[in-house]
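A look at the structure
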Amino acid sequence: MEIKGKIIVALPEMSGTSKNGNAWKKREYVLETIETYPKKVHFDFFGERADQYPLNVGDMVTLSFDIESREYMGRWYTSIRGWKAEKEGAAPAEATPAAFGGAPAMNPGPAMPPAPSFGGGDQADDLPF
């Protein structure tokens, strides 16, 4: 699965040793989607991927992930485990704010042509809803 958004939180790296004596590490992030009603998504990179995909607050990324659920003492827990993160390329300065829902750019470019007219405004609307 994939999701696009902006990294808004980068939590400190966690590490330790498993019961079997293997070293492990995990990095957690929070991504905010870029849409009309943004959603916040907490995810992590585990093991070698924690170092392979270092992300910073403000990075625009496309995250590839898997959803995992597991049971512990009769309760179920779900996590989002990232396996790839592609940072968005640098966009022109004029396009960046408008493309991500921010303030319009200072130079918006050429004006859009007027919307086409589809008949007179005095006719009754024959739509069923």
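Every value quoted in this text rests on a predicted model; they were computed, and no experiment measured them.

Under the counting rule described, the total for this entry stands at 10 salt bridges. Residues R81 and D44 are paired through a salt bridge, measuring 2.6 Å at the closest nitrogen-oxygen approach. Of this pair, R81 sits in strand β6 (residues 75-87) while D44 sits in strand β4 (residues 40-46), and the two are 37 residues apart along the sequence. Here D44 falls in the buried class, since its relative accessible area comes to 4%. By relative accessible area, which is 22% here, R81 ends up partly exposed.

Quick look at the nonpolar core now. Counting residues in hydrophobic clusters, the biggest one holds 14 residues, and the most contacted among them are I7, F43, F45, L55 and L63. Put simply, the parts of the chain that give this core at least two residues each are β1 (2-10), β3 (23-33), β4, β5 (60-72) and β6. Beyond its immediate stretch of four places on either side in the chain, F43 contacts I7, R27, E28, Y29, L31, L55, L63 and I80.

In this structure, T62 sits in strand β5. Of the polar contacts made by the side chain of T62, one reaches the side chain of E88; its length is 3.1 Å. Dropping the residues within four chain positions of it, T62 is found in contact with E2, I3, K4, K84, A85, E86 and E88.

Calculation notes
Throughout, a residue's number is its position along its own chain's written sequence, starting from 1. Note on the predicted model: pLDDT of at least 70 is required for a residue's local features to be given, and 80 or more for side-chain atom pairs to be given and counted; whole-chain, interface and lining totals, by contrast, use all residues. Only heavy atoms go into the side-chain values, all of them from the structure, while hydrogens and water stay out. For salt bridges, the criterion is a side-chain nitrogen of Lys or Arg within 4 Å of an Asp or Glu carboxyl oxygen. What counts as a helix is a DSSP run of H or I of at least four residues, what counts as a strand is a run of E of at least two, and both are numbered from the N terminus. Throughout this description, buried means an accessible area under 20% of the type-specific maximum (1.4 Å probe, protein chains only), exposed means over 50%, and partly exposed covers the range between. Residues belong to one nonpolar core when they are buried, are Ala, Val, Leu, Ile, Met, Phe, Trp, Tyr or Cys, and are joined through side-chain atoms within 4.5 Å. The contact criterion used is simple: two residues touch if any of their non-hydrogen atoms lie within 4.5 Å. Any pair of nitrogen or oxygen atoms within 3.5 Å is treated as a polar contact; in protein, a donor-acceptor pairing is required on top of that, and neighbouring residues in sequence qualify only through side-chain atoms on both sides.

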